[in-house]
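Architecture at a glance
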Amino acid sequence: MVLELHVWGPAFSLPSIDAQCLATITYLSLVLPKDAWVLIPSSDPSVSPTHELPALKNGATWVSRFRNIVDYLRQYSDGEWDLDAGLNTLQRADNIAFSSFVESRGQPLLDLSLYVTSRNYYANTSPAYGSILQWPNQWILPPQLHTAAKTRTDHLGLSSLDLEAIEDQRKREHSAAVAAGHVPKNFIPKPKETPTGLLGKSSQQNQFKLEALTAEFFEPLEEILNAKTYFLSEDAPSSLDCLAFGHLCLALVPDLPYSWLRDAMKAKGSQLTTYTERMRTRFFGVVDVQRALAGTSTETSPLPWQAPQRASVGKVGYTLLNTLADATPIVKDLRAQTQIREAAESPNSGLSADESQAVSNYARGQKRDVFVSIAAVAGGVAALVGYMVHVGLFSAAAAEEWTEEEEVGGVGEPEGGLDLKNLEHVDILSAAASAL
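Throughout this description, residue numbers start from 1 for each chain and increase along the sequence as written. The predicted origin of the model limits local features to residues at a pLDDT of at least 70 and limits the giving and counting of side-chain atom pairs to 80 or more, whereas totals for whole chains, interfaces and linings rest on all residues. To obtain the side-chain values, all non-hydrogen atoms of the structure were used and water was disregarded.

Moving on: the sheet that holds strand 2 (residues 37–40). Taken together, 4 strands build an open sheet; the order of strands is 2-1-3-4 and the sheet is mixed. Each edge of the sheet is formed by a strand with only one pairing partner; in this case those strands are strand 2 and strand 4 (61–64). The mean angle between the axes of side-by-side strands here comes to 20°, regardless of whether they run parallel or antiparallel. DSSP calls a pair of strands paired once it identifies at least 2 bridges connecting them. The way it works is that DSSP assigns letters per residue, a run of H or I at least four long becomes a helix, a run of E at least two long becomes a strand, and they are numbered from the N terminus. Both strand 1 (residues 3–6) and strand 2 contribute to a ladder of 4 bridges, which runs parallel. Within strand 2, the position partnered with leucine 5 by the bridge is leucine 39. Simply put, an axis is a line fit to the C-alpha atoms, just over the touching stretch for a helix, and the angle between two N-to-C directions goes from 0 to 180 degrees.

Next up, the structure:
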């Protein structure tokens, strides 16, 4: 049976815009015969039950994420498709440790370079997604990925790379100052700052932080490589090479307006630069995005491409419905808890039995709390509406009775001035509204 590898589509003359996908493509290129698998740039996480890419399909079985795919291929082939089979005990321990290092340090740098840096995102990354995504995902997914990348890198304190966030913050500060009376609104204009000006104000602070972050990533990898052909061995690549190569490709190859990450890699990792260019020539070549999306392999990119299926009307409707559901507050919370529970209970979650059970129970409890809150609000609203109807009926009967008396006796206002009974109703109604 031919295995299907679904990935985020090609960009920047690379076979994928995602580091994990590039790592998985490299791994399959090394361990599988070319006729044993196909590469599908579906660029749609919903094709996989876990809603993650890369995703490997083998019949009815789906496996997502690089490390899970590596483990599955090893078990499925009884060790034949295991790139790490020749590693000794020490090398296996290094493989695990260094792989964790690459993922934890490399992905935040890619997030900062491709997504958080506004000049790069709007000029290159967003158009790249537009060319590989089908409608309506081309309008839905890029903003979600952009927001997720900014959330993952908030702790690094480099939000000043996001010019849009800087401008929004400046506007908020200006509005707050006007509201507090500190800035005369009619006398002090609000100039539109240019990207150059905004970058100039924070360039020194950014430079120090970026220098530290890039040094913490590139310098250890440069030391690990240490003039060897591959990271752990002189003879053959390992899964660590695939993972590191996937991240290094996206650091070096994209031609971006603000190329701080590529410049840092060339300055701090000359061996890494040579290594990445050599590996790219061997495995990827130069990828033509349109030919790859059409499922056509070329001499410069011999990967086993297969064109993704066009989205059906039902698929488009399903996508739009999910987007609407995710924009609805209560429904969004319920869906989030369901996804957490399903991910925790998945065999590929990477969690122990106790951890999986704990996360699943937490998700169920959170979902139950949402239903309890909905029921409480619904009950309060029903009680209020019922009381309003009850008071309204009695008021209508009293008004009708009063009209009859007026017609018969010509009585004007009721004797005694204020109707204390009606005041009592008003007080009760106000108390009920306050309780809600």
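As a further point, take the nonpolar core. Counting residues in each nonpolar core, the largest one holds 88 residues, and the members touching the most others are Leu73 and Phe231. With 10 residues, the single largest contributor to this core is helix 8 (residues 239–252). Once you skip the residues sitting within four places of it in the chain, leucine 73 turns out to touch Leu3, Tyr27, Leu28, Val31, Leu56 and Trp81. Here, nonpolar core refers to any group of buried Ala, Val, Leu, Ile, Met, Phe, Trp, Tyr and Cys residues whose side-chain atoms link them within 4.5 Å. Here the term buried applies to any residue with accessible area under 20% of the maximum for its type, exposed to any over 50%, and partly exposed to those in between, with areas from a 1.4 Å probe on protein chains only. By definition in these notes, contact holds between two residues if any of their heavy atoms fall within 4.5 Å.

Along the chain, arginine 280 falls in helix 10 (residues 270–283). The charge count includes Lys and Arg as positive and Asp and Glu as negative, but it does not include His or the ends of the chains. Criterion for a salt bridge: a side-chain nitrogen of Lys or Arg within 4 Å of a carboxyl oxygen of Asp or Glu. Although buried, arginine 280 forms no salt bridge, and the nearest oppositely charged side chain, glutamate 277, lies 7.3 Å from it. Among residues more than four places away in sequence, those in contact with arginine 280 are Phe12, Ser13, Leu14, Phe245, Val253, Gly285 and Val286.

With that out of the way, let us pick up a nonpolar patch on the surface. The patch calculation keeps residues exceeding 30% relative accessible area without a salt bridge and links them within 9 Å when they carry like charges or within 5 Å when they are nonpolar (Val, Leu, Ile, Met, Phe, Trp, Tyr). All accessible-area figures derive from a Shrake-Rupley calculation using a 1.4 Å probe, and residue coverage is judged against the displayed protein chains alone. Together, Val377, Val381, Val385 and Val389 give the surface a local cluster of nonpolar side chains, amounting to about 320 Å² of exposed area. With respect to the helices and strands, the residue valine 389 is situated in helix 14 (residues 353–409). Valine 389 gets classed as partly exposed once you look at its relative accessible area, which sits at 46%.

This next bit is on the environment of phenylalanine 284. Looking at the element boundaries, phenylalanine 284 is found in the loop between helix 10 and helix 11 (289–293). Distance from phenylalanine 284 to proline 302, taken between C-alpha atoms, is 7.3 Å for residues 18 residues apart in sequence.

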